[in-house]
Amino acid sequence: MNTILEVENLKVYFKTILGDAKSVDGVSLKVFEGEILGIAGESGCGKSTLVEGVLKIYKPPCYIPEGKVYYKGMDLLNLPEEEFRKLRWKELSYVPQGSMNSLNPVIKIEEQMIDGIMSHTDISYREAKELALSALNSVGMPPDVLEMYPHELSGGMRQRVCIAMSICLNPKIVFADEPITGLDVVMQKLNLQTLGDLRDRFGITVVMVAHDMACHAEICDRICIMYAGKILEIGSTFDIFSDPLHPYTKGLLSAVPSLEKKDLKGIPGLAPSPLEWPSGCRFHPRCSYRMKICEEKEPILKEIQPGRSVACFLYGGE
Amino acid sequence: MNDGLLTFQNVSKVFRRVGFGFLGRATVQALKDVSFSLSLEPEVLALVGESGSGKSTICRLILGLEEPTSGEILYKGRGISDWLKNSKKEYIREVQIIFQDPYEVYNPFYRVDRVLWMAIKKFNIASDNEAERLIYESLEVVGLRPREILGRYPHQLSGGERQRIMLSRIYLIKPRLLVADEPVSMLDASLRAIFLDHLREFKKLGISSLYITHDLNTAYYIADRIMIIYSGRILERGPTEDVIKDPLHPYTKMLITSIPVPDPNKRWQDRVVIDIAKLQKVSGRESIDGCPFYNRCQFAMDKCESNFPPIRRINNQEVNCFLYE
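Computed from a predicted structure; not experimentally measured.

What follows covers the overall build of chain B. Regarding its fold elements, chain B presents 14 helices and 12 strands. Per-residue burial over chain B gives 42% buried out of 325 residues. For chain B, restricting intrachain contacts to residue pairs at least 6 apart in sequence, the fraction spanning at least 24 positions comes to 66%.

The structure is reproduced here in structure tokens:
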């Protein structure tokens, strides 16, 4: 497996009057070519900020104090903005959160798609339309969608238009931020399968951010669990679901409602604030396996089996 | 059917769009011939449907924010408009709601305590001395620490805390009927379970709930009975276990098979067979006489297009579908 994207100790902070909000605080991660990587965690744990940091699409007061992102040997964060612009969409594309609301309501889908294509390439309008049509086709949308305005489509279909827009230029990696949130179950199923198809049919690497563990189980190859700006556990989907190691992962999984079990358990306590993360292990105030060391020292993300890493003193992590 | 706590009798609701010329005639049939009732025994009834199926219209009708176009809604045997005209205070004390977005309920200029104090003042629940103790008790019941909550402003609390303060308000008022409109859709999974457990506890206090949701998983978790609504029509209803384990209506079946299962060993076996073109037709919903699911149903027959199937009882479930004639 080739590493296509490597994130090293990335930090993404927001400047506030109360000090820095450390939304992403030292994340290291590898994305392999042709995989579907899921990023899971509660709201406010820094999932979306991580993606925005990697793609450099953040705006002030957000900034990156340190960290490296390598894509094909290029150091993305030190790349001039002009160079980065050429990579975005063509190589690294993005389906934003709540993307059904990100289309311009007074412009036809056709213009919006073609506008995006033409501003990143120098092909003619006709060729751009061809590309748009084939992208729509590959997410299973009829060609007459081009002639429509966003309000004529349902939320799920708008979301698929956004997925189609993201794959127009045949990118290497698609970052999808909460691609199915706020949709009806039937549409969720359809959109998840579309994302799965991107990999199966076009070989596109997909990084999917979602808070719903069930949809990770559905399509992801690997899952990385984030909490309080850190990664707590990374492993293959099967490992994570059959044998979760970190207490937080365990809690997250037992809180997932399903039609097959009736005993849900939530995680007591509240998510900490990014202005002041807890000392030591950031999960310790809510953890039921808490030890003394957890309050004092921060566990490091340690590979305990090939392809399986966890940051917890229960499994070493010194 | 008149002996229930809340009874809907053939309720229809048509919204007319305001506009000129031909636009002025456009109507949307939000509910059609909806009948159901909540029993006097405390129970949790889940109303499950997609967005646009009419769930929120039912909620607004119960609160008296809308009048039904036809049919009648009875609360304890009396019409809702009658309640609101003659004994409004009593009615709003007995029927309370939790909204989807807890942030919009609070006035951002006041501390959150006010929401609880107002409830006590308005309904004369307790004297001033007693009130403070009650507020502490109600916050503790929903698992919040009063010292950390009282005196704060809404923006200083997380979504989960705000939503749980709404629960503690319900605990103070102790209504007879609680309408919960998607109460957990903005909460994280870890908090969701805790919230639903509290909701279930309320049943023991004699509070019946109408739990409105699009999520069958959570409905299965807390409801005693489930009703499936689609496009303004109730298609299937019955005890939760039966509806989930043995769904009858093709729509219910489709909903249940579409739910992602949190188990990588059970990924969807089948590839999608939903025709996108068919989905589009459904979006412009006019008054249709037939089964609203006709366009998407794989078992659709000719008679489904123009006739709505009558209720058919099978064991404990009731289903509206010609397949079970």
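This paragraph deals with the sheet that holds strand β10 (residues 222–227) of chain A. To summarise the sheet geometry, strands pair through backbone hydrogen bonds and adopt either a parallel or an antiparallel arrangement. Residue and element names in this part refer to chain A. A sheet is described by the order of its strands in space; here 8 strands give the open sequence β7-β8-β9-β3-β10-β11-β13-β12, paired in mixed fashion. What marks the edges here is a single partner per strand, and that holds for β7 (92–95) and β12 (302–305). Put simply, the sheet's adjacent strands are angled 25° from each other on average, direction ignored. Summarising the sheet, strand β8 (residues 173–177) and strand β9 (residues 205–209) pair through 5 bridges and their orientation is parallel. Its bridge partner lying in β9, Asp-177 is registered against Val-209. Sheet strands touched by helix α6 (residues 185–202): β3 (36–40), β8 and β9. Its angle to β9, the strand with the most contacts, is close to 155°.

Okay, the interface of chain A and chain B next. Between chain A and chain B, the residue contacts involve 37 residues of the former and 35 residues of the latter. Contributions of two or more residues to the side of chain A that touches chain B are made by α6, α7 (213–219), α8 (237–242) and α9 (247–254) of chain A. If you tally residues by element for the side of chain A that touches chain B, the top one is α6(A), at 6 residues.

Core analysis: the biggest nonpolar cluster contains 179 residues, and Val161(A), Ala164(A), Ile225(A) and Tyr211(B) have the highest contact counts within it. The element best represented in this core is helix α9 (residues 189–204) of chain B, accounting for 8 residues. Aside from chain neighbours lying at most four places away, what touches Ile225(A) is Ala40(A), Gly41(A), Ile231(A), Leu232(A), Glu233(A), His246(A), Tyr248(A), Thr249(A) and Leu252(A).

For the rest of this paragraph, the subject is the packing of α6(A) against helix α12 (residues 250–258) of chain B. The interhelical angle for the contact between α6(A) and α12(B), taken along N-to-C directions, is 45°, at an axis separation of 8 Å. Classified by the interaxial angle, the pair formed by α6(A) and α12(B) is oblique. The two elements α6(A) and α12(B) cross, and the hand of that crossing is left-handed. Residues Val185(A), Val186(A), Gln188(A) and Lys189(A) of α6(A) pack against Met254(B), Leu255(B) and Ser258(B) of α12(B). Looking at the contact of α6(A) with α12(B), its residues break down into 4 nonpolar, 2 polar and 1 charged.

With that settled, consider the sheet that holds strand β1 (residues 6–16) of chain B. Residue and element names in this part refer to chain B. Read across the open sheet, the 4 strands follow the order β2-β1-β4-β5; overall the sheet is antiparallel. For this open sheet the edge positions go to β2 (27–38) and β5 (78–79), each flanked by a neighbour on one side alone. Pairing between β1 and β2: 8 bridges, direction antiparallel. Following the sheet pairing, Val-14 is matched in β2 by Gln-29. Of the strands in this sheet, β1, β2 and β4 (70–75) are in contact with helix α2 (residues 55–63), which crosses β1 at around 115°.

To continue, consider the pairing of β12(A). Residue and element names in this part refer to chain A. By the bridge criterion, 3 bridges tie β12 to strand β13 (residues 308–310) in an arrangement that is antiparallel. Of the residues in β13, the one forming a bridge with Lys-302 is Val-310. Linking two consecutive strands that pair antiparallel, namely β12 and β13, is a turn of 2 residues; a positive phi of about 75° is found at Gly-307 within it.

Reading the values: rules and limits
- Residues numbered from 1 in each chain as written.
- Chains lettered and ligands numbered in written order.
- Predicted model: local features only at pLDDT ≥ 70, side-chain atom pairs only at ≥ 80, totals over all residues.
- Helix = DSSP H or I, 4+ residues; strand = E, 2+ residues; numbered from the N terminus.
- Buried ≥ 20, exposed ≤ 12 C-beta atoms within 10 Å, placed from the backbone.
- Contact = placed C-beta atoms within 7 Å.
- Pairing = 2+ DSSP bridges.
- Axes fitted to C-alpha atoms, helices over the stretch in contact; angles between N-to-C directions.
- Core = buried A, V, L, I, M, F, W, Y, C linked by C-beta atoms within 7 Å.
- Parallel < 35°, antiparallel > 145°, perpendicular 65-115°, else oblique.
- Left-handed = near helix turned anticlockwise from the far one by under 90°.
- Nonpolar A, V, L, I, M, F, W, Y, C, P; charged D, E, K, R; others polar.

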